[in-house]
Structure formats: structure tokens, C-alpha cells
Amino acid sequence: MAFWNKKKQPEAGEGPDPSRLPRHIGIIMDGNGRWAKKRGLPRTAGHAAGAETFRTIAYRCRDLGIPYLTVYAFSTENWKRPAEEVSAIMDLLRKYLLEALEKMEKDGFRIRFFGDIEPLPPELRQLCLETVETGSHVAGAKYQINVCLNYGGRDEILRAARAWGRDLLSGRQQVEDLTEETFARYLDSQTIPDPDLIIRPSGELRLSNFLPWQSAYAEFYFTDVLWPDFSPAVLDEALVDFQRRQRRFGGV
Ligand code: FPP
């Protein structure tokens, strides 16, 4: 077991305190390929298993009353993977978005996308737009899932800077009004709260261009568990660990 897991593990039956849950969790869904390799399966089988885990964990967060979940589904760098793997991930996204479209009204959630969806296959791009549109009409939705798709944190900051620059040139913005708050509205996350907790399974200790602006004060939880094996019990462990931290935001 790696050193970051040597912290005190929750006692049996010790669950997270429902009154001190994070408002926003970010998850880097990593380890699908290794999970498949261990079983002698193609990498695409790992992504299929990872997508099932996504559904389980998304509903678990909703049931706990956590208002925002952001997942890293496809990065700006993931296009470098073999075409067959890219296309399998796109197919999974299509499948799960179609399911979400059907269920979001009844289950009270909405979906948004972080990233530049322009280069996606046209049919998937259209589905993303339809999902956002349908979600925006879900009355009283208390839960939002943000899917990072063709997302890179540096790319997000550059796109925001370009948009701000255009508004500056057109007179809608003034240099002296540029603050962290006004700039953040140009990011994909717009006005939603920053993630309190970022979880990365699979033993990697990197942020990999995931929400670099928004995670400035986030707590991090790393575990060796591969994403397809990530369960509500592992989420509980991460939440209990989070609740033991003292967050000072630069104060004392
Ligand atoms: C990282 O594991 C995972 C991805 C790049 C793809 C994640 C996609 C899904 C879980 C499926 C679709 C998503 C949704 C929201 C329905 P890796 O392939 O880098 O694993 P490895 O490091 O073990 O090779």
C-alpha cells in the first residue's frame, strides 16, 4: 500500500458526517486500462466497466446530497489514443447521455459539459447540446454533473482569456474590473463553487490538467483502487478522510 494510504482508515461503520459534506467533488476516473489488462480484457472493456462505476458513484453523490460532481471523461490529450479506443469511449458517452436524458427529470439532476465540444463527432455534440438544454428545464434540480469532455485546464483558461479579451475590445469589460471573480465567470465552471475535494484513483499522484484554476484550495484524496473497482464504500472513505482535514484557505 502506498504511503498516502497509511493514514488512519475509517473505523467499521464510521460513515461521513452528512452535515459536513463537500459541496463539489471532482473525480479523475483513472485506471480503466490497467483494470482490463489485469483481467486479460481489451482496454475498451475497462472503459465500459468504468462507465458503470460512473453511474453508481454519480447516484451515490446525489443520494448523499452533494450538489456538484465533476468527472474527467476525455481530455484534450486523449485524442492521441488508438482510434478504436477513442471511438469506444465516444460510444459509451452516447449511451450514458441517452440514458441520462431519459432519467434526469425523474431523478432530479442536470448535466453540463466542461471543455470544447466543437471537435466531437457531430451526433455526440448534438446530444451534448440537447442534454444541457433538457437539463436546464429540470425544475428544482439540486444536483449537477459536469462531464469534462475534450477538456484541458490550460485550454479552458486560454478559451476564457480569449473570450474576456473579445469583451475588452468590444467595451463590455474594463482592465481595472478584472478580478479572480470576474475572470472565473468566463471559465467552463462559470459561477459554480470550486471543488472542495478531488479524488484520483489508480495510484497516480498527478492533477493531469484537471481543473487547475478551480482546485487551488481543494483537498486531494489518492487511492490505489482502480476506477472500475471504485465503490460507494471507497467514496465514504474519501469523505471521512476529507472531514478530518482542517481547511484554512491560507489563514491560520
Ligand atoms: C482513464 O483511464 C479513463 C479514460 C481516459 C476514459 C474515461 C471514460 C469513461 C469512464 C467512460 C465514459 C464516461 C462517462 C461519463 C459515461 P485509462 O484508460 O487512462 O487507464 P490506465 O491509466 O489504466 O490505462
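Here's what I pulled together on the structure shown here. This is a predicted model, so every value here is computed, not measured.

## Regarding the overall build of the protein chain
Scanning the protein chain for helices and strands turns up seven helices and six strands. Listing the helices and strands of the protein chain from first to last along the sequence gives β-α-α-β-α-β-α-β-α-α-β-β-α. For 252 residues, the compact-globule estimate of 2.2 N^0.38 gives 18 Å, and the protein chain sits close to it at 19 Å. Principal-axis analysis of the C-alpha atoms gives the protein chain an extent of 60 × 50 × 35 Å. Buried residues in the protein chain amount to 49% of all 252 residues. By sequence separation, contacts in the protein chain at least 24 residues apart represent 77% of the contacts at least 6 residues apart. Looking at the protein chain as shown, the accessible area adds up to about 13,100 Å², and 53% of this sits on carbon and sulfur atoms. Taken together, the 35 basic and 36 acidic charged side chains of the protein chain have centroids lying 4 Å from each other.

## Remarks on the site of the ligand
The environment of the ligand is formed by 17 residues, the closest being G33, R34, R43, H47 and R81. At 2.8 Å, a side-chain N or O of R34 approaches an oxygen atom of the ligand. A total of 630 Å² of accessible area belongs to the ligand in isolation, and the protein chains cover 91% of it. Counting residues per element, the ones that place at least two in the shell around the ligand are helix 1 (32–38), helix 2 (43–64) and helix 3 (83–107). The greatest single-element share of the shell around the ligand, amounting to five residues, is contributed by helix 2. Classifying every residue of the shell around the ligand by side-chain character gives seven nonpolar, six polar and four charged.

Reading the values: rules and limits
- Residues numbered from 1 in each chain as written.
- Predicted model: local features only at pLDDT ≥ 70, side-chain atom pairs only at ≥ 80, totals over all residues.
- Heavy atoms only, no water.
- Helix = DSSP H or I, 4+ residues; strand = E, 2+ residues; numbered from the N terminus.
- Rg over C-alpha atoms; globule rule 2.2 N^0.38 Å.
- Buried < 20%, exposed > 50% of the residue type's maximum accessible area, 1.4 Å probe, protein only.
- Contact = heavy atoms within 4.5 Å.
- Areas by Shrake-Rupley, 256 points an atom, 1.4 Å probe, with all protein chains shown as cover.
- Lys, Arg positive; Asp, Glu negative; His and termini not counted.
- Charge placed at Lys NZ, Arg CZ, Asp CG, Glu CD.
- Near = heavy atom within 4 Å.
- Polar contact = N/O pair within 3.5 Å; in protein donor to acceptor, adjacent residues only side chain to side chain.
- Nonpolar A, V, L, I, M, F, W, Y, C, P; charged D, E, K, R; others polar.

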